[in-house]
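One letter stands for each residue in the lines below.
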There are 2 protein chains.
Amino acid sequence: MRQTVLHAPRDLRVEDRPRPVVQQPTDAVIRTVATCVCGSDLWDYRGINDVAEPTPGGHEYIGVVEEVGGDVTGIKPGRLVIGSFFASDNTCPNCANGYHTSCLHREFVGGAQAEYVRVPLADGTLVHVPGDVAEEHIPSLLACSDVMGTGWYAARAAEVEPGDTVAVVGDGAVGLCAVIAARELGAERIIAMSRHEPRQKLAREFGATDIVTERGQEGAARIKELTDGIGADAVLECVGTPDAMRQALNSTRPGGNIGFVGVPHGVTIDGAELFFSHVALRGGPAPVRAYLPHLIQLVLDGRINPGKVFDLTLPLEQAAEGYKAMDERRAIKTLLRP
Amino acid sequence: MRQTVLHAPRDLRVEDRPRPVVQQPTDAVIRTVATCVCGSDLWDYRGINDVAEPTPGGHEYIGVVEEVGGDVTGIKPGRLVIGSFFASDNTCPNCANGYHTSCLHREFVGGAQAEYVRVPLADGTLVHVPGDVAEEHIPSLLACSDVMGTGWYAARAAEVEPGDTVAVVGDGAVGLCAVIAARELGAERIIAMSRHEPRQKLAREFGATDIVTERGQEGAARIKELTDGIGADAVLECVGTPDAMRQALNSTRPGGNIGFVGVPHGVTIDGAELFFSHVALRGGPAPVRAYLPHLIQLVLDGRINPGKVFDLTLPLEQAAEGYKAMDERRAIKTLLRP
């Protein structure tokens, strides 16, 4: 089968690789209908994370179940399914608490930019998409596999409540999906921080009421100005850099919450500064599995359309161009069709 | 009037000082009925915080209103009142959000180990104690001025809910009051971390169901053992050292919360570690004012008795011995009678 493989920084190839098979009786193998390139794939692509050996890319997928192991009872061959980038059993105490990405048996699902993907713990990990699915819903359903689920978690981690003022740091696909989540959770005012016109436009379409183009201290000062000097009730940090975290901390009101979903790279937090801010912090890899049934329904009901973050669609064979376009910020997010 | 003054590390004296007067029309001056020594006073006493000049000590007080400024309307001369270590207007947006210690007009109330104390923003800061107060309630009412309010905030910041398993790091007066708070908020299991027998005993009396004597990694491992390998739902960090914070982080389950109320000294938090822990952190100087009416009522109803943390009572004149006993851990907390 065809699959992307990263050989070195910015050396992304599509190659013939062995088609995955059921290895454990709890596995499923799915034939992908659509996959995509994640902002976090770019950490490897840009050489910011070390890549020691040629590594298959991607971890977002929607597909049709091809084969299941002998212990799989809930997931049926021939059905359209979505899963998250972490396999989870959906039964351990951490899953029961809603933190599937801390599942005691979690396993990373990598190499999803391919024609087939092996998914461990299929019964716990995968969710059937109900009914006949219109082609137009595929991008939004694919978005639920990571970016929409991650944006949702950012808003939940920041405890967004009806009537809140929410600021979103980061205008990538996750940040834009976080705007959708804030709106769905009832935020009254949603301030998107972005200096890129197409992303500002999409943020407004998704529910942003204000755009702040300033960054860093100026950005935080602007948020304070917009909130009577107090700060936002909730700030969704969707980047993962020290600057983004600082901007978030300086934009949140005392008693407010930051949900941080950008994987931190070089971020440290001063205990005394956090203490005197009265701000709460919760982050982590999003427990997408917890939200999938709800998010899938919102998509099928036409209530949310996170698939709009895909502003470039290419055949899997042209994945290298898909990465390049995102690296150069010519595309927000690339959808790949096997 | 008589007042404590710290001249240098471990050089604490009781001296004649000018009696405070109303300076602003929003001030009150109170005649203290009882005051005390705080764990945080020991940071100065031990020379860990720099003390540049002779400094009056203490910030906890219960007293009778002696005099009020012309703009004070709610607080009446002759009434018994309690306030917090931060004066607050009780009307600004941060106060309205329940974070009085981030009041836009906050002002530290220091020098409370004295016969009289000036309290700014009296209408916002002070709370009348209703009815005739029995002498036996004075220590518990005084405790509400800081340690009981701070323990309460630790539990609220950690979002303690009925049925929760709560671990408390620190067996000082705040940690012990945090046990009371966890019990009042409905925690089912309360694990006090303490290796001092008299404090273990008081923790049990206050509602602790388990005692863990191990510290650091061993302490966290013990908490994990007691919680099926998962960690506590909520951890109340009542110390403020790097070790205590690390112990708290390692003791909390994914999705759980840490409330940290020990003023951080040298604490830094690694962003990636916090991220992958899925743990939420909220700290800060406790908004005691928000809780005072409720806590006063719990004391007067005989439902809580935080005054038991005072295991040494001395005349104000012997404050030096009161500090010394706490410094040497011979006393949990010293009450001073002017």
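Residues numbered from 1 in each chain as written. Chains lettered and ligands numbered in written order. Predicted model: local features only at pLDDT ≥ 70, side-chain atom pairs only at ≥ 80, totals over all residues. Heavy atoms only, no water.

A. Layout of the relation of the copies chain B and chain A. Superposing chain B onto chain A takes a rotation of 180 degrees combined with a translation of 0.0 Å along the rotation axis, leaving an RMSD of 0.0 Å. Taken together, the rotation and translation relating the two chain copies correspond to the operation of a two-fold axis. (Least-squares fit on C-alpha atoms with pLDDT ≥ 70 in both.)

B. Examining the domain arrangement of chain A more closely. Residue and element names in this part refer to chain A. According to the domain assignment, chain A contains domain 1 (2-146 + 287-337) and domain 2 (150-283). Using only C-alpha atoms to locate each centre, domain 1 and domain 2 end up separated by 26 Å. When the two sides are added together, the surface that domain 1 and domain 2 hide from each other amounts to roughly 1800 Å², 63% of it contributed by carbon and sulfur. Three residues, Y291, R329 and I332, lead the burial of domain 1 against domain 2; their summed loss comes to 31% of the area buried on that side. At the junction of domain 1 with domain 2, the criterion picks out 3 salt bridges. Of the charged contacts, one joins K308 and E205 as a salt bridge, the two residues approaching to 2.2 Å between their closest N and O atoms. Element by element, the count of residues in the side of domain 1 that touches domain 2 is highest for helix α11 (residues 288-300), at 5 residues. (Domains from an automatic or database assignment. Buried area = accessible area lost by both parts, 1.4 Å probe. Salt bridge = Lys/Arg side-chain N within 4 Å of Asp/Glu carboxyl O. Helix = DSSP H or I, 4+ residues; strand = E, 2+ residues; numbered from the N terminus.)

C. Quick peek at the packing of helix α5 (residues 147-157) of chain B against helix α6 (residues 173-184) of chain B. All names here are of chain B. The N-to-C vectors of α5 and α6 enclose an angle of 55 degrees; their axes lie 7 Å apart at closest approach. The orientation of α5 with respect to α6, classified from their angle, is oblique. Along this stretch, α5 crosses α6, giving a crossing that reads as right-handed. Here V147, M148, T150, G151, W152 and A155 of α5 come into contact with α6, specifically with A173, V174, C177, A178, I180, A181, A182 and E184. Broken down by class, the residue content of the contact of α5 with α6 amounts to 11 nonpolar, 2 polar and 1 charged. (Axes fitted to C-alpha atoms, helices over the stretch in contact; angles between N-to-C directions. Parallel < 35°, antiparallel > 145°, perpendicular 65-115°, else oblique. Left-handed = near helix turned anticlockwise from the far one by under 90°. Contact = heavy atoms within 4.5 Å. Nonpolar A, V, L, I, M, F, W, Y, C, P; charged D, E, K, R; others polar.)

D. The packing of aromatic side chains, seen in detail. All told, the structure shown has 12 aromatic pairs over all chains when counted by the stated rule. Residues F260 of chain A and F275 of chain B carry aromatic rings whose centres are separated by 5.9 Å and whose planes lie at 55 degrees to one another, so their mutual orientation is tilted. Highlighted residues: F260 of chain A in strand β15 (residues 252-260) and F275 of chain B in helix α10 (residues 271-277), drawn from two different chains. We classify F260 of chain A as buried; its relative accessible area is 1%. Relative to F276 of chain B, the ring of F275 of chain B has its centre 4.9 Å away and its plane inclined at 80 degrees; by these criteria the two rings are edge-to-face. A relative accessible area of 2% places F275 of chain B in the buried class. (Phe/Tyr/Trp six-rings, centres within 6.5 Å; stacked < 30°, edge-to-face > 60°. Buried < 20%, exposed > 50% of the residue type's maximum accessible area, 1.4 Å probe, protein only.)

E. Structural view of the interface of chain B and chain A. Counting residues at the interface gives 37 residues for chain B and 37 residues for chain A. It is F275, H278 and R282 of chain B in chain B that bury the most area against chain A; as a group they hold 24% of the surface buried on that side. Where chain B touches chain A, the interface holds 0 salt bridges. The interface formed by chain B and chain A holds 18 residue pairs in polar contact (both at pLDDT 80 or more) in total. (Polar contact = N/O pair within 3.5 Å; in protein donor to acceptor, adjacent residues only side chain to side chain.)

F. Representation of the pairing of strand β5 (residues 61-68) of chain B in the model. Residues and elements named next belong to chain B. Direction of pairing for strand β3 (residues 28-36) relative to β5: antiparallel, over a ladder of 7 bridges. Opposite T35, over in β5, you have Y61 as the bridge partner. In terms of strand pairing, β5 meets strand β6 (residues 80-82) through 3 bridges, oriented antiparallel. Residue V64 lies in a different strand from β6, and its bridge partner there is L80. (Pairing = 2+ DSSP bridges.)

G. Structural detail: helix α8 (residues 216-226) of chain A. All names here are of chain A. By the burial criterion, the buried members of α8 are G219, A220, I223 and L226. Along the long axis of α8, the arc covered by the buried residues comes to 120 degrees, so they all point the same way. Seen from the open side of α8, the exposed residues pointing more than 90 degrees away from its buried face are Q217, E218 and E225. The secondary structure elements touched by the buried residues of α8 are β11 (165-169), β12 (189-193), β13 (210-212), β14 (232-237) and α9 (242-251). (Arc of directions from axis to C-beta.)

H. Structural detail: the side chain of T32 of chain B. Residue and element names in this part refer to chain B. Its place among the elements puts T32 in strand β3. What makes T32 buried here is its relative accessible area of 6%. Only 2.5 Å separates the side chain of T32 from the backbone oxygen of A114, close enough to count as a polar contact. The residues touching T32, leaving out its near neighbours within four places in the chain, are Y61, I62, G63, A112, A114, E115, Y116, V117 and P338.

I. Quick peek at the sheet that holds strand β4 (residues 55-56) of chain B. Residues and elements named next belong to chain B. If you trace the 3 strands from one edge of the open sheet to the other, you get β2-β1-β4, paired in antiparallel fashion. Looking at strand neighbours, the two that pair on one side only are β2 (11-16) and β4, the edges of this open sheet. Bridging between strand β1 (residues 2-8) and β2 involves 6 bridges; their strand directions are antiparallel. By the bridge assignment, A8 is partnered in β2 with D11. Contacting β1 and β2, helix α12 (residues 319-327) crosses the sheet at an angle of about 155 degrees to β2.

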